[in-house]
Amino acid sequence: MSNERRPLVAGNWKMHGSRAANTALLDAVVARLGKLDIDVLVCPPFVYLAEIAQRLAGTTIALGAQSLCVEPVGAFTGEVSASMLKDVGCGYVLVGHSERRSLFHEDNGVVARKFAAAQAEGLVPILCVGESLVERQGEHTFAIIREQLDAVIQLAGISAFANAVVAYEPVWAIGTGLTATPEQAQAVHAFIRGHLSHQDANVASALRILYGGSVKGNNAAELFAMPDVDGGLVGGAALKADEFLQICAAANRS
Ligand code: PGA
């Protein structure tokens with residue numbers, strides 16, 4: 001981590017939770033988070049957002065959604081728009097999570113449109129990028145990530161990254177227990193910052209780049225110690241108060 005960028009830890013709950021479980025988890029996190037010099041946010045499923053926004057009012061924890069519709073309004077059954085997310089209290093939204101890309105066939109073009117749709121309503125998009133195991137083994141990691149970034153730059157412009165966050169999540173590390181080594185993460189984070197820096201050095205140096213993929217209480221500190229790792233996007237460990245708090249504490253120290 002660097003002193004210039006405020007660390008950020010985001011919990012991606014994916015399709016987990018219930019009203020009772022959410023309350024228990026947030027009560028435990030809020031009670032023990034303390035005053036940290038970092039940003040913390042949680043991304044619960046859509047249906048819980050409004051209720052959780054109320055629970056988080058007056059705390060330092062922000063709220064994010066896990067996805068959004070590319071369209072602002074209209075006949076799009078089952079979808080949720082950026083303005084609705086804003087309306088219920090979200091400040092952030094994930095776009096391009098690998099599960100959205102692979103299971104729901106969201107390509108780079110759709111991800112770029114979601115990024116722009118989020119910003120159009122004043123939400124901060126957290127753009128997820130990352131390579132699969134086959135892509136890494138074929139040494140295509142940088143090419144894949146460059147394409148994922150370029151699609152967004154082309155549509156939204158480099159200056160849009162001044163109000164965005166990027167999360168590097170190697171697909172092979174998500175939910176598998178296989179974490180990228182700190183050096184592997186740093187290499188890709190430096191590549192991302194360098195690639196954006198060719199277009200705007202100030203935007204690139206201020207951009208927060210999170211690492212995601214089996215971040216746990218016991219490996220967070222070494223990942224966050226890397227100079228271009230500015231925090232974490234945490235899945236499984238965000239569902240356990242102890243683990244999540246440990247990760248937040250590691251971000252605060254790094
Ligand atoms: P994980 O998920 O921490 O369970 O690997 C990370 C993510 O998919 O955001």
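You'll find the structure just up there.
What you see is a predicted model, and the numbers here were worked out from it, not measured in a lab. (Residues numbered from 1 in each chain as written. Predicted model: local features only at pLDDT ≥ 70, side-chain atom pairs only at ≥ 80, totals over all residues. Heavy atoms only, no water.)

(A) The packing of helix H1 (residues 19-33) against helix H2 (residues 49-56), seen in detail. Following both chains from N to C, one finds H1 and H2 inclined at 25°, their axes separated by 11 Å at the closest point. It follows from the interaxial angle that H1 and H2 lie roughly parallel. With respect to the hand of their crossing, H1 and H2 are arranged in right-handed fashion. Here Arg19, Asn22, Leu26, Asp27 and Val30 of H1 lie close against H2, whose contacting residues are Glu51, Ile52, Arg55 and Leu56. Class assignment for the residues of the contact of H1 with H2 results in four nonpolar, one polar and four charged. (Axes fitted to C-alpha atoms, helices over the stretch in contact; angles between N-to-C directions. Helix = DSSP H or I, 4+ residues; strand = E, 2+ residues; numbered from the N terminus. Parallel < 35°, antiparallel > 145°, perpendicular 65-115°, else oblique. Left-handed = near helix turned anticlockwise from the far one by under 90°. Contact = heavy atoms within 4.5 Å. Nonpolar A, V, L, I, M, F, W, Y, C, P; charged D, E, K, R; others polar.)

(B) Representation of the site of the ligand in the model. Near the ligand, the surroundings consist of 13 residues, among which Lys14, His97, Glu169, Gly175 and Ser214 are the closest. In the environment of the ligand, an oxygen atom lies 3.4 Å from a nitrogen or oxygen atom belonging to the side chain of asparagine 12. Take histidine 97: an N or O atom from its side chain is 2.7 Å from an oxygen atom of the ligand. (Near = heavy atom within 4 Å. Polar contact = N/O pair within 3.5 Å; in protein donor to acceptor, adjacent residues only side chain to side chain.)

(C) A look at the nonpolar core. Among the nonpolar cores identified, the biggest contains 71 residues, and Leu85, Leu127, Phe161, Ile192, Tyr211 and Phe224 are the most heavily contacted of them. With seven residues, helix H11 (residues 241-253) is the largest single contributor of residues to this core. Excluding anything up to four places from it in sequence, tyrosine 211 contacts Tyr168, Pro170, Ala173, Thr179, Ala180, Ala185, His189, Leu223, Val229, Gly231, Gly232 and Leu233. Leu41, Leu94, Ile126 and Leu210 belong to the second largest nonpolar core, which has twelve residues in total. (Core = buried A, V, L, I, M, F, W, Y, C linked by side-chain atoms within 4.5 Å. Buried < 20%, exposed > 50% of the residue type's maximum accessible area, 1.4 Å probe, protein only.)

(D) View of the packing of aromatic side chains. All chains considered together, the criterion is met by three aromatic pairs. Centroid distance phenylalanine 115 to phenylalanine 161: 5.4 Å. Interplanar angle 35°. Geometry classified as tilted. Taken together, the residues span a long stretch of sequence, with phenylalanine 115 in helix H5 (residues 108-120) and phenylalanine 161 in the loop between helix H7 (141-156) and strand S6 (165-168) at a distance of 46 residues. Here phenylalanine 161 falls in the buried class, since its relative accessible area comes to 1%. (Phe/Tyr/Trp six-rings, centres within 6.5 Å; stacked < 30°, edge-to-face > 60°.)

(E) The packing of H7 against helix H8 (residues 182-197), seen in detail. One way to put it is that H7 packs onto H8 with a least axis distance of 11 Å and a crossing angle of 40°. Between H7 and H8, the interaxial angle falls into the category oblique. Note that H7 runs across H8; the crossing there is right-handed. Listed contacts from H8 to Thr141, Phe142, Ile145, Arg146, Leu149, Asp150 and Ile153 of H7 are Ala187, Val188, Phe191, Ile192, His195 and Leu196.

(F) The arrangement of the sheet that holds strand S8 (residues 231-234) in detail. With parallel pairing, eight strands are arranged side by side around a closed barrel as S1-S2-S3-S4-S5-S6-S7-S8. Strand after strand, the sheet turns through a mean of 25° between neighbouring axes, direction not considered. Note that strand S1 (residues 8-12) and strand S2 (residues 39-43) share five bridges and pair parallel. Each bridged residue has a counterpart across the sheet, and for alanine 10 the counterpart in S2 is leucine 41. H2 contacts S2 and strand S3 (61-65) of the sheet and is inclined by roughly 170° relative to S3. Set on the sheet, H7 makes contact with strand S5 (124-129) and S6; between it and S5 the angle comes to about 155°. (Pairing = 2+ DSSP bridges.)

(G) Region of the structure containing the layout of surface pockets. By volume, the largest pocket amounts to about 430 Å³. Phe46, Gln66, Ser67, Arg100 and Phe104 are, among the 21 residues lining the largest pocket, the residues nearest its centre. In terms of residue count, helix H4 (residues 98-103) provides more of the lining of the largest pocket than any other element does, three residues in total. A breakdown of the residues in the lining of the largest pocket according to their chemical character gives eleven nonpolar, five polar and five charged. The calculated volume of the second largest pocket comes to roughly 200 Å³. For the lining of the second largest pocket, the secondary-structure elements that each account for two or more residues are H4, S5 and H7. Of the residues assigned to the lining of the second largest pocket, the class counts are four nonpolar, seven polar and five charged. (1 Å grid on protein atoms, 1.4 Å probe; cavity = no way out; pocket = protein on both sides within 12 Å on 5 of 7 lines; lining within 4 Å. Points joined across faces, edges and corners; volume = space filled by probe spheres on them.)

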